[in-house]
Amino acid sequence: MAARTRRIVLAKVGLDGHDRGIKVVARALRDAGFEVIYPGLWLSPEAVVRVVAEEDADWLGISLLSGAHLILVPKVVELLRQQGLHHVRVVVGGTIPEEDVAALLACGVAKVFGPGSSLSDIVRYFQDVDSHASR
Amino acid sequence: MQAGESAQDLDLVLKSLWAAYQQGERRALARLLTLVDQAAYRRTIYKCLAHAFPEQTSLTVAVTGSPGAGKSTLIGKLLPLLRQQGRTVAVLACDPRSPLTGGALLGDRIRMPVPVDEQGIYIRSLATPPGRQGIAENLDVRIALLEKFGFDWVVIETVGVGQADVAIGDLVDFLVLLIPPESGDEIQWEKAGLLEIADLVVVSKGDLPGAARTAAQLQQTLNLPGFPPKPVTVVSAAKNLGLSDLVSRLMQSPRRRRLQEYYARRLLLLAQEILAERFAEKKDLVARVLEEARQNGWDTWEAACELARRLSENGH
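Residues numbered from 1 in each chain as written. Chains lettered and ligands numbered in written order. Predicted model: local features only at pLDDT ≥ 70, side-chain atom pairs only at ≥ 80, totals over all residues. Heavy atoms only, no water.

**Student:** Outline the environment of B:Leu29, supporting the account with residue identities and numerical values.
**Tutor:** All names here are of chain B. Structurally, Leu29 can be placed in helix α2 (residues 26-35). Note on Leu29: relative accessible area 0%, which makes it buried. For the pair Leu29 and Phe149, spaced 120 residues apart in sequence, the C-alpha separation works out to 7.8 Å. Once residues lying within four places of it in the same chain are set aside, the contact partners of Leu29 are Tyr21, Tyr122, Leu145, Leu146, Phe149 and Phe151. (Helix = DSSP H or I, 4+ residues; strand = E, 2+ residues; numbered from the N terminus. Buried < 20%, exposed > 50% of the residue type's maximum accessible area, 1.4 Å probe, protein only. Contact = heavy atoms within 4.5 Å.)

**Student:** Can you break down the environment of B:Tyr263 residue by residue, with the values?
**Tutor:** As for its position among the elements, B:Tyr263 is in helix α9 (residues 260-280). For the pair B:Tyr263 and B:Thr60, spaced 203 residues apart in the sequence, the C-alpha separation amounts to 14 Å.

**Student:** Describe the interface of chain A and chain B, naming the residues involved and giving the relevant values.
**Tutor:** Across the contact, 30 residues belong to chain A and 30 residues belong to chain B. In this assembly, chain A packs against chain B so that about 2500 Å² is buried in total across both faces, 49% of it on carbon and sulfur atoms. With a closest N to O distance of 2.8 Å, B:Arg109 and A:Glu54 form a salt bridge. Seen at the junction of chain A and chain B, the total is 21 residue pairs in polar contact (both at pLDDT 80 or more). Sorting the residues of the side of chain A that touches chain B by element identifies α1 (20-31), β2 (35-37) and α2 (45-55) of chain A as the ones contributing at least two each. (Buried area = accessible area lost by both parts, 1.4 Å probe. Salt bridge = Lys/Arg side-chain N within 4 Å of Asp/Glu carboxyl O. Polar contact = N/O pair within 3.5 Å; in protein donor to acceptor, adjacent residues only side chain to side chain.)

**Student:** Any chance you could break down the packing of aromatic side chains for me, citing the residues and the numbers?
**Tutor:** Residues and elements named next belong to chain A. Counted by the stated rule, this structure contains 9 aromatic pairs over all chains. Centroid distance Phe113 to Tyr125: 5.7 Å. Interplanar angle 75°. Geometry classified as edge-to-face. Separated by 12 residues along the polypeptide, Phe113 in strand β5 (residues 111-113) and Tyr125 in helix α5 (residues 119-132) bring together distant segments of the chain. Tyr125 matches Phe113 in its accessibility class, with the two residues each being buried. (Phe/Tyr/Trp six-rings, centres within 6.5 Å; stacked < 30°, edge-to-face > 60°.)

**Student:** Residues and numbers for helix α8 (residues 243-251) of chain B, please.
**Tutor:** Note that an α-helix has 3.6 residues per turn; residues three or four places apart therefore point the same way. Buried residues of α8(B): B:Leu243, B:Leu246, B:Val247 and B:Leu250, and no others. For α8(B), the angular spread of buried residues about the axis comes to 100°, placing them on one side. (Arc of directions from axis to C-beta.)

**Student:** Provide a residue-level description of the nonpolar core, including the pertinent values.
**Tutor:** By size, the foremost hydrophobic cluster in this structure holds 53 residues, and its most contacted members are B:Leu29, B:Leu139, B:Leu145, B:Leu146, B:Ile156, B:Ile168 and B:Leu218. Ranked by the residues each element gives to this core, the list is headed by helix α5 (residues 139-149) of chain B, at 7 residues. Split by domain, the residues of this core number at least three in each of domain 1 (1-50) and domain 2 (51-258) of chain B. If we skip the residues at most four places from it in the chain, B:Leu218 touches B:Ile179, B:Trp189, B:Leu195, B:Val201, B:Val203, B:Asn223 and B:Val232. Membership of the second largest hydrophobic core comes to 34 residues, among which are A:Val9, A:Leu80, A:Val92 and A:Cys107. (Core = buried A, V, L, I, M, F, W, Y, C linked by side-chain atoms within 4.5 Å. Domains from an automatic or database assignment.)

**Student:** Tell me about the sheet that holds strand β7 (residues 200-203) of chain B, and please be specific about residues and values.
**Tutor:** Residue and element names in this part refer to chain B. Strand order in this open sheet of 7 strands is β4-β2-β5-β1-β6-β7-β8, and the pairing throughout is parallel. Each edge of the open sheet carries a strand with a single partner, namely β4 (121-128) and β8 (232-234). Between one strand axis and the next, the sheet turns through 20° on average, direction left out of account. As judged from the 5 bridges shared by strand β1 (residues 59-65) and strand β5 (residues 153-157), these two strands associate in the parallel manner. Across the sheet, residue Ala62 finds its bridge partner in β5, namely Ile156. (Pairing = 2+ DSSP bridges. Axes fitted to C-alpha atoms, helices over the stretch in contact; angles between N-to-C directions.)

**Student:** Describe the pairing of β4(B), with residues and values.
**Tutor:** Residue and element names in this part refer to chain B. The element β4 is largely enclosed, with a buried count of 8 among its 8 residues. Burial along β4 is two-sided: Ile121, Ile123, Ser125 and Ala127 facing one way and Tyr122, Arg124, Leu126 and Thr128 facing the other are all buried. Here strand β2 (residues 89-96) pairs with β4 via 8 bridges, running parallel. Paired with Leu92 across the two strands is Arg124, which belongs to β4.

**Student:** I'd like a description of the pairing of β1(B), backed by residues and values.
**Tutor:** Residues and elements named next belong to chain B. Extensive coverage of β1 is indicated by the burial of 7 of its 7 residues. Judged by which residues are buried, β1 turns out to be covered on both faces: Leu59, Val61, Val63 and Gly65 on one side and Thr60, Ala62 and Thr64 on the other are all buried. As judged from the 5 bridges shared by β1 and strand β6 (residues 174-179), these two strands associate in the parallel manner. Across the sheet, Gly65 pairs through a bridge with Leu178, a residue of β6.

**Student:** Can you tell me about the domain arrangement of chain B, naming the residues and giving the values?
**Tutor:** All names here are of chain B. Domain parsing of chain B yields domain 1 (1-50), domain 2 (51-258) and domain 3 (265-313). Put simply, the middle of domain 2 and the middle of domain 3, counted by C-alpha atoms, are 36 Å apart. Facing the 6 residues of domain 2 at the interface are 4 residues of domain 3. With both sides pooled, the region where domain 2 packs onto domain 3 buries about 540 Å², and carbon together with sulfur makes up 43% of that total. Inspection of the region where domain 2 meets domain 3 yields 0 residue pairs in polar contact (both at pLDDT 80 or more). Across the side of domain 2 that touches domain 3, the residue classes tally to 2 nonpolar, 1 polar and 3 charged. (Nonpolar A, V, L, I, M, F, W, Y, C, P; charged D, E, K, R; others polar.)

In structure tokens:
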């Protein structure tokens, strides 16, 4: 049976109106054959989790350029767990200082793409994990 | 799902999902809406849904029109109005899938903000392959799943379409065609296709100059004396004009799906899909017939007839 196309929700959480980066990543993942759902700016953690649940997504990518990642990301991860969405892998991107990466990984984030990440690295990461994934 | 998973495992997976779905669990609904794309699951889901003549408890409305006509925005504006009327609504929002990579950017939700704890609305984005007249695959079974789940309304947003993308008309009770201002002169409105199929023609962006003229042209051209009338209305999502009028028109709309013709078409479409899937698996047979055609000097028609004969021979 053919593998289905993987679904990725890419989201901006909180008061952060900078979506240039997430749109570029969305395009790259689209061109790599993923289904990318982009629900727009200024979503609350609860709203993001609702979108992930309704869309039956396999991945959630959160972009933050606001500096609020250590507050908002753990909240999103916790809400995903509460909703029973344990299978959803969470990836974070944006202006994440090197010293905050460990804290994000510790709270359940699968991967962090900070400043300087290349599009091809991001796409390859999704493809590599995906080829081993099953659900 | 793993390639080696047996039919029994599949039944088990589906059994527990179906039980959760019947309990009203939205996550189970979300999962089933995904699994219908896999043929083995789809077959079982059809079985679970039970009849070819399901109880029609929902009003199914499609919103179609050219890219950028304002389909998502209009639906986003209708959702709170429908909730005020006490109706629960599910939306299936179709956006195009790439013909090159299979990827898709699904962005309809941006224009449909929903309060976080609003349980009366469910939105699902669907990637739609090219060549399908603007509607995602397996839309009929997805509509049936949402209907049986208990939504009063199922709203379908098509991909931005052209004049001839009429297939959506076979799947819904009521078809709304959105036309932005200044998108054609009188002759455009004489043409056959989507305009004929639409139950209601809505001029969008009614706050822009030219909207009134476009609406007047449509009204005149589509309502010539002696022809069946076709209602035309104007909305502006930006200025909240004409929206409650549109809702009350939709509330009073007839249920086209109750017609015998609807079931007949749906069955025919499904049978065509099944045959197309089977035929696609028989590539070697096509190559064989082509080779024989070359050897025997058949013309194209003869070769195609021979291929059709053999495909239907071992089609089971």
